[in-house]
Amino acid sequence: QKEVEQDPGPLSVPEGAIVSLNCTYSNSAFQYFMWYRQYSRKGPELLMYTYSSGNKEDGRFTAQVDKSSKYISLFIRDSQPSDSATYLCAGAGGTSYGKLTFGQGTILTVHP
Amino acid sequence: NAGVTQTPKFQVLKTGQSMTLQCAQDMNHNSMYWYRQDPGMGLRLIYYSASEGTTDKGEVPNGYNVSRLNKREFSLRLESAAPSQTSVYFCASSPVGGGSGNTIYFGEGSWLTVV
């Protein structure tokens, strides 16, 4: 079992929809959680970062961590075609300090 | 704004050949990484260098060697390429350990095919 599990999708939504992307993790030592966005044939780029449990909002994006259930979520409001990409969740901390463990990535397409 | 630069971008190798992927960062970061990305597997860490002069194995180190040549450069070597090493390779860097929340910056990727 991978330490971070993510539904690979693909997920297809109409423009303007609310998108929910989710991951589960098994390593209780994880304290840091990130969401990366990766466009086709490009390297991943950091989208959101949260520490421990709670919510963090940045524009149309909200990251949520529930450490009690080991659940990570990313919500995208008013989705745009430019949001079409692969979204990767990642966790780190404890003995893996300094190294991120990634989920498989979810392919998202937002169609006009 | 070069960031993380890796070469080559595309390479085809025959089984048993060797090659080195080069990576350089111009952000004065201490930590550097090599990841591979395969369909359905996500990004997996091959090797990690916390600082100049140190290297550490990641999740999938077998068949690879690394060299932290200086603070800027971190190379990945395939000594005897195998078809299972066909993948997209990403070099990355961060100010200190990425797990502390410091942003990890990725290069554009190197597409390697072993036939």
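The residue count restarts for each chain, going from 1 along the sequence in the order it is written. Note on labels: chains are lettered from A, ligands numbered from 1, in written order. Local features in a predicted model are, by the rule used here, given only for residues with pLDDT of at least 70; side-chain atom pairs are given and counted only at 80 or more, and totals for whole chains, interfaces and linings are based on all residues. To obtain the side-chain values, all non-hydrogen atoms of the structure were used and water was disregarded.

1. Quick notes on the overall build of chain A
By the criteria applied, helices consist of DSSP H or I runs no shorter than four residues and strands consist of E runs no shorter than two, each listed in order from the N terminus. A count of helices and strands for chain A gives zero helices and eleven strands. Judged by the C-alpha coordinates and their principal axes, chain A covers about 45 × 30 × 20 Å. Here, two residues are considered to be in contact whenever any of their heavy atoms come within 4.5 Å of each other. Contacts in chain A between residues at least 24 apart in sequence constitute 55% of all its contacts with a sequence separation of at least 6. In this description, accessible areas are obtained by the Shrake-Rupley approach with a 1.4 Å probe, and a residue is regarded as covered only by the protein chains that are shown. Just so you have it, chain A exposes about 5,100 Å², and 50% of that area is on carbon and sulfur atoms.

2. A short note on the nonpolar core
Grouped together as the largest cluster of nonpolar side chains are 23 residues, with contacts concentrated most on A:W35, A:L74, A:I76 and A:Y87. Listed by contribution, the elements that provide at least two residues to this core are strand 3 (19-25), strand 4 (32-38), strand 5 (45-51), strand 7 (61-66), strand 8 (71-76), strand 9 (85-92) and strand 11 (106-111) of chain A. Throughout, nonpolar core names a set of buried Ala, Val, Leu, Ile, Met, Phe, Trp, Tyr and Cys residues whose side chains join them through atoms within 4.5 Å. Relative accessibility decides the category of a residue: with a 1.4 Å probe and only protein chains considered, values under 20% of the type maximum give buried, values over 50% give exposed, and everything between is partly exposed.

3. Considerations on unusual backbone geometry
That bond from A:G9 to A:P10 is cis: its omega, 5 degrees, falls within 30 degrees of zero. For A:P10, the position within the fold is in the loop between strand 1 (4-6) and strand 2 (11-14). A cis amide bond links B:T7 with the next residue in sequence, B:P8, at an omega value of -5 degrees. Following the sequence through the fold, B:P8 ends up in the loop between strand 1 (4-7) and strand 2 (10-13). You will see that A:R41, though not glycine, has its phi angle at about 65 degrees, which is positive.

4. Topic: the interface of chain B and chain A
Facing 24 residues of chain B, the contacting portion of chain A comprises 20 residues. Here the quantity called buried area is the total loss of accessible area, with a 1.4 Å probe, experienced by two parts when brought into contact, counted for both. Summed over both sides, the interface of chain B with chain A buries roughly 1,800 Å², with 56% coming from carbon and sulfur. Any carboxyl oxygen of Asp or Glu within 4 Å of a side-chain nitrogen of Lys or Arg constitutes a salt bridge here. At the junction of chain B and chain A, the tally comes to one salt bridge. The closest approach of N and O atoms between B:E108 and A:K42, which form a salt bridge, is 3.1 Å. Under this definition, polar contacts are N or O atom pairs within 3.5 Å; protein pairs additionally need one hydrogen-donor-capable and one acceptor-capable atom, and for neighbouring residues in sequence, both atoms have to be side-chain atoms. For the pair chain B and chain A, the number of links is four residue pairs in polar contact (both at pLDDT 80 or more). Among the elements of the structure, strand 4 (31-38), strand 5 (42-49) and strand 6 (56-57) of chain B are those that each provide at least two residues to the side of chain B that touches chain A. Sort the elements by how many residues they give to the side of chain B that touches chain A and strand 5 of chain B lands first, with four residues. Within the side of chain B that touches chain A, the residues separate by chemical class into eleven nonpolar, ten polar and three charged. Under the scheme applied, nonpolar residues are Ala, Val, Leu, Ile, Met, Phe, Trp, Tyr, Cys and Pro; charged residues are Asp, Glu, Lys and Arg; polar residues are all the others, including Gly.

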